[in-house]
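# Summary of structural features
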Amino acid sequence: MTNIKVFTIAYFVIFLKTIKMPEQEISQLEREELERKEILKRYKALLRSIKHPLTSAQTKQIRAAFDLALGAHKDMRRKTGEPYIYHPIAVAKIAAQEIGLGTTSIVCALIHDVVEDSDYTIEDIERKFGKKIATIVNGLTKIKEVFDHTDSMQAENFRKMLLTLSDDVRVILIKLCDRMHNMRTLESMSRKNQLRIASETLFLYAPLAHRLGLYNIKSELEDLSIKYTQREAYKDISSKLNAKKAARDRFIKKFIEPLKPKLENAQINFEIKGRPKSIYSILKKMNHQEIPFEEVFDLFAVRIIVDSSADREKADCWTAYSIVTDIYKPNPARTKDWITTPKSNGYESLHTTVMGTDGKWVEVQIRNKRMDEIAEKGYAAHWKYKNEKEGIDNTNNGGIDGWLSRIKDILENPASNALEFLDDFKLQLIHEEIFVFTPGGDLKKLPKGSSTLDFAFEIHTHVGSKCIGAKVNNRLVPLSHKLSNGDQVEILTSDKQHPKEEWLNYVISGKAIGRIRNYLREEKRELADQGMEILKKRFHKEKIEFSEDNINKIATHFKTNSILDLHYSIAKNLIPLEKLTIFDIVNKKLVEHKPKKEAVYKAPINIKSEIIIGDDNDLPYGLSKCCNPIPGDDIFGFITIGEGVKIHRTNCPNALSLMSNYGYRVIKAQWKDSPIKADKIFLAGIKLLGIDDVGIVSSLSNIISKNMGVNMKSITIESNDGTFEGTIMLYIQDTSHLDTLIKNIREKHSTMKVSRIDVG
Ligand code: MN
């Protein structure tokens, strides 16, 4: 910080020396004067960036907000050394210029850090600017508190943030502008903070911007994130993109040449742009397809923007489409009509991929000016057309309301913990949509990968709960049947039906998941009531007081997580209550239930007592890292040079070559029969393959860590097209321990393939 300050002062010194006062040192007063001018300049640029005409009342309100912020941040500086007020001005400008938000948002953006950083209170803001603005600023202040003062618990914080968001969507839009400006000025932060902020941006804010249809903001956030998290790759791609710019321009020029006269003939006013893809999307493609930069073929898209009135826009877009595909051959599988059926984030456009003259595929996007603005700036641009003056007060938008209500569906589910929530939310973000029809011909949007059961819950909770199957395009299918675009679905119900635990494996929509979990929770509660009655009777029979204290003793004895779980387990007959007397449990001096000691991993080197090598009980050895043997495995010893005996599994990938080439160095080895001490722990890996399911990470860690008390070293889950592949490394006692664990996972996830990382 100090360094940067010095730098700023030095900068002004040079500036003044060369231009104004060659011999004189700059005084404090002069520097303040320069800064004051710069602040005003930036404020005026903000006012110019507001596109809708302002009433005098609005101008006054913005000025009042600016003055308040200026005073509140008077003595503060950013990490860059600049006056702090530059930041709120920049955030307000992003809100106005890049999202197209109205006066309310500009005012809120200007004062978004005031309550956090000065003595002003929310009450002061309300007195000065009214209730609405105070509510939004309050939301922004809260987000800042939870986010900037904790390092962990991201998921839970994010949930809180969205709870605030559901009050007023502007909170989230301004927060995105705030993050945008912070990312643009990230250079001056410490490396540690750069990494934290950049990953958080990539993980949380960019998907959020995408969901809100803020395409430009999303891409810039992504690009800036990898600029700090993957510095080398970023530099490499951006320099290659620059180097190819001239060739790209030539290509675009050649590509659009034959289109121009035909579009003019059709009397369409148009503009053609060629835009390179974002660095982030190029990098993603390189990694995903495992190809070098040079082989990424669609580095850019050609965009035709027609200028036509509302009643002609669709016809003109299709005319342009027909002209393009007359000249260039389209790939029919890659033509998308987002004009007839816009995406839920509001995106409208006609996409096609055509074969260029040199045999390269080129993506062509066709839309009109209004659609283009929505595509780049998102919903706010749409509101602009509806209600110029009141900014985004007009919220009669199906898509954004739909999005908010979907988020609310998830948030209203009080039992979902933060991790589950993040799984839900990420799935909501990742999934593309499909469109299916009701028997009456109504169109329903569902996330890609939805089942008939998702559809049933989308129609109505009652229909979902009673669903026994469906007719899809007149063919009978089960609940779990995955729907495709264009399917017509008729749900079949039965009054005897009710939601079941395994239904959670079939659904992916937030609504269905929420409703099923609610039902199961209710059901559990009812069963628990019955369990409580059973327990009560037992207490009564043995004449023991049915007190909380005594019930707790029972719960502790059976190691249930809660009293509710105890009652539930009794009702489900999971606890052999009959074989015990309550009296014993309550009155016996029970051993205090200690929480299981965290298993500490000890490097499995030189474990001297578990293996007999040759006939020797005490020969030192090490466990090989290539196959991680655990007690119960078939093993052999290999005499190494310098590292003593190494133990391998007999199905180790190296075993064959070791045994065949160095037979003389192989020595027999076997695990001792004596039970392995509980504190001896070995590293093993399992591999999972299955249908991408909501809550998969939390479900797995529940089974492994919570239920079995097994510590995990690492967990990686990679999703792809509705399926996922995962690897979990864990600390295990022996093969039977591992087998039980695998069995438990299979029981809970019947469709999942689970295996030990097989080295053979
Ligand atoms: Mn800020």
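Because the structure is a prediction, the values reported are computed rather than measured. (Residues numbered from 1 in each chain as written. Predicted model: local features only at pLDDT ≥ 70, side-chain atom pairs only at ≥ 80, totals over all residues. Heavy atoms only, no water.)

## Thoughts on the sheet that holds strand β11 (residues 489–493)
A sheet is described by the order of its strands in space; here 3 strands give the open sequence β10-β9-β11, paired in antiparallel fashion. Since the sheet does not close on itself, it has two edges, and those belong to β10 (475–477) and β11, each with one partner. Neighbour-to-neighbour, the strand axes of the sheet open up by a mean angle of 30°, direction not taken into account. Summarising the sheet, strand β9 (residues 467–472) and β10 pair through 3 bridges and their orientation is antiparallel. Looking at β10, one finds that K471 is bridged to L476. Contacting β9, β10 and β11, helix α22 (residues 452–459) runs over the sheet at an angle of about 85° to β11. (Pairing = 2+ DSSP bridges. Helix = DSSP H or I, 4+ residues; strand = E, 2+ residues; numbered from the N terminus. Axes fitted to C-alpha atoms, helices over the stretch in contact; angles between N-to-C directions. Contact = heavy atoms within 4.5 Å.)

## Focus on the nonpolar core
Counting residues in each nonpolar core, the largest one holds 59 residues, and the members touching the most others are L110, I111 and I125. The greatest single-element share of this core, amounting to 9 residues, is contributed by helix α10 (residues 169–184). When near neighbours in sequence (up to four residues on either side) are disregarded, I111 contacts A65, L68, A69, I125, F129, I133 and V137. Within the second largest apolar cluster, 38 residues are counted, among which are F293, F300, I323 and Y328. (Core = buried A, V, L, I, M, F, W, Y, C linked by side-chain atoms within 4.5 Å. Buried < 20%, exposed > 50% of the residue type's maximum accessible area, 1.4 Å probe, protein only.)

## Regarding the environment of F129
Residue position: F129 is located in helix α7 (residues 122–129). Assessed through its relative accessible area of 8%, F129 is described here as buried. As a C-alpha pair, F129 and A65 span 64 residues in sequence and 8.5 Å in three-dimensional space. Leaving out residues up to four positions away in the same chain, F129 has contacts with Q61, A64, A65, L68, V107 and I111.

## Digging into the packing of helix α4 (residues 86–99) against α10
Contact geometry for α4 and α10: axes closest at 9 Å, N-to-C directions at 120°. The angle between the axes of α4 and α10 places the two elements in the oblique class. In the crossing of α4 with α10, the sense of the turn from one axis to the other is right-handed. Between α4, through Y86, H87, A90, V91, I94, A95, E98 and I99, and α10, the contact on the second element is made entirely by L173, I174, C177, D178, M180, H181, N182 and R184. For the contact of α4 with α10, the per-class residue count stands at 10 nonpolar, 3 polar and 3 charged. (Parallel < 35°, antiparallel > 145°, perpendicular 65-115°, else oblique. Left-handed = near helix turned anticlockwise from the far one by under 90°. Nonpolar A, V, L, I, M, F, W, Y, C, P; charged D, E, K, R; others polar.)

## Observations regarding the confidence of the model for the protein
Close inspection of predicted coordinates is inappropriate for parts of the model with low pLDDT. Averaged over all residues, the pLDDT of the protein is 77; the fraction at 70 or higher stands at 78%. Ignoring residues within four places in sequence, the model shows residues 386–408, a span with pLDDT below 50, making 43 contacts including any to other chains. Here residues 589–608 is modelled with pLDDT under 50, and outside its nearest four sequence neighbours on either side it reaches 29 contacts, counting other chains as well. (pLDDT = per-residue confidence, 0-100.)

## Side note on the environment of G622
Note that G622 resides in strand β13 (residues 621–623). By relative accessible area, G622 is classed as buried at 4%. Taking the C-alpha atoms as reference points, G622 and F638, 16 residues apart in sequence, are found 9.9 Å from one another.

## Focus on the pairing of β9
One ladder, built from 5 bridges, connects β9 with β11; its direction is antiparallel. Across the sheet, the residue bridging to C467 is T493, located in β11. Between β9 and β10, which pair antiparallel and follow one another directly, the connecting turn spans 2 residues, one of which, N473, has a positive phi of 50°.

## Some thoughts on the sheet that holds β13
Pairing is mixed across the open sheet formed by 5 strands, whose spatial order is β12-β16-β14-β15-β13. Edge strands, defined here as strands with exactly one partner in the open sheet, are β12 (611–613) and β13. Here the strands of the sheet are splayed against their neighbours by 35° on average, with no regard to which way each runs. Summarising the sheet, β13 and strand β15 (residues 645–649) pair through 3 bridges and their orientation is parallel. Opposite L623, over in β15, you have I647 as the bridge partner.

## What about the packing of aromatic side chains?
Describing an aromatic ring pair means giving the distance of the ring centres and the angle of the ring planes. Tallied over the entire structure, the rule returns 6 aromatic pairs. An angle of 70° between the planes, with centres 5.1 Å apart, marks the rings of W318 and Y321 as edge-to-face. With a gap of 3 residues between them, W318 and Y321 both fall in helix α17 (residues 313–327), about one helical turn apart. We note R42 situated over the ring of Y86; from NZ or CZ to the ring centre the distance is 3.7 Å. Positioned above the aromatic ring of Y568, the side-chain terminus of K524 is 5.1 Å from the ring centre. (Phe/Tyr/Trp six-rings, centres within 6.5 Å; stacked < 30°, edge-to-face > 60°. Lys NZ or Arg CZ within 6 Å of the ring centre and 35° of its normal.)

## Some details on the pattern of salt bridges
Scanning the model with the defined rule gives 27 salt bridges in all. Note that R42 is salt-bridged to E38, the shortest N-O span being 2.8 Å. Note that R42 and E38 are positioned in helix α2 (residues 28–49) at a spacing of 4 residues, about one turn of the helix. Overall, R42 belongs to the partly exposed group, its relative accessible area being 31%. Since its relative accessible area comes to 23%, E38 is described here as partly exposed. Close ionic contact of R367 with D372 constitutes a salt bridge, the shortest N to O distance being 3.1 Å. Where salt bridges share partners, they join K273, R303, R367 and D372 into one cluster. (Salt bridge = Lys/Arg side-chain N within 4 Å of Asp/Glu carboxyl O.)

## Structural notes on unusual backbone geometry
Residues other than glycine seldom take positive phi values, yet Q267 does so here, at roughly 55°. Along the polypeptide, Q267 turns up in the loop between α15 (259–265) and β1 (270–276). Overall, the relative accessible area of 73% leaves Q267 in the exposed class. Unlike most non-glycine residues, K543 shows phi in positive territory, near 55°. Structurally, K543 can be placed in the loop between α24 (510–541) and α25 (548–557).

## Description of the pairing of strand β19 (residues 723–732)
Among the 10 residues that make up β19, 7 are buried, leaving the element largely enclosed by the rest of the structure. As judged from the 10 bridges shared by strand β17 (residues 682–691) and β19, these two strands associate in the antiparallel manner. Across the sheet, L688 pairs through a bridge with G726, a residue of β19.

## Observations concerning the side chain of Q194
Looking at where Q194 falls in the secondary structure, it is placed in helix α11 (residues 191–211). On the basis of relative accessible area, Q194 is assigned to the buried category, the value being 6%. Other than its neighbours up to four places away in sequence, Q194 contacts L186, E187, M189 and Y228.

## Quick notes on the side chain of T201
Mapped onto the elements of the fold, T201 is located in helix α11. Within the structure, T201 has its side chain in polar contact with the side chain of R179 (distance 2.9 Å). (Polar contact = N/O pair within 3.5 Å; in protein donor to acceptor, adjacent residues only side chain to side chain.)

## Details of helix α30 (residues 735–748)
The end-to-end C-alpha separation of α30 is 20 Å, in line with the 20 Å expected for 14 residues at 1.5 Å each. Among the residues of α30, those classed as buried are T735, H737, L738, L741, I742 and I745. Viewed along the axis of α30, the buried residues span an arc of 160°, placing them on a single side of the element. Exposed side of α30, more than 90 degrees from the buried face: D739 and E747 are the residues found there. For α30, the elements touching its buried residues are β17, α29 (696–707), β19 and β20 (753–756). (Expected span 1.5 Å × (residues − 1). Arc of directions from axis to C-beta.)

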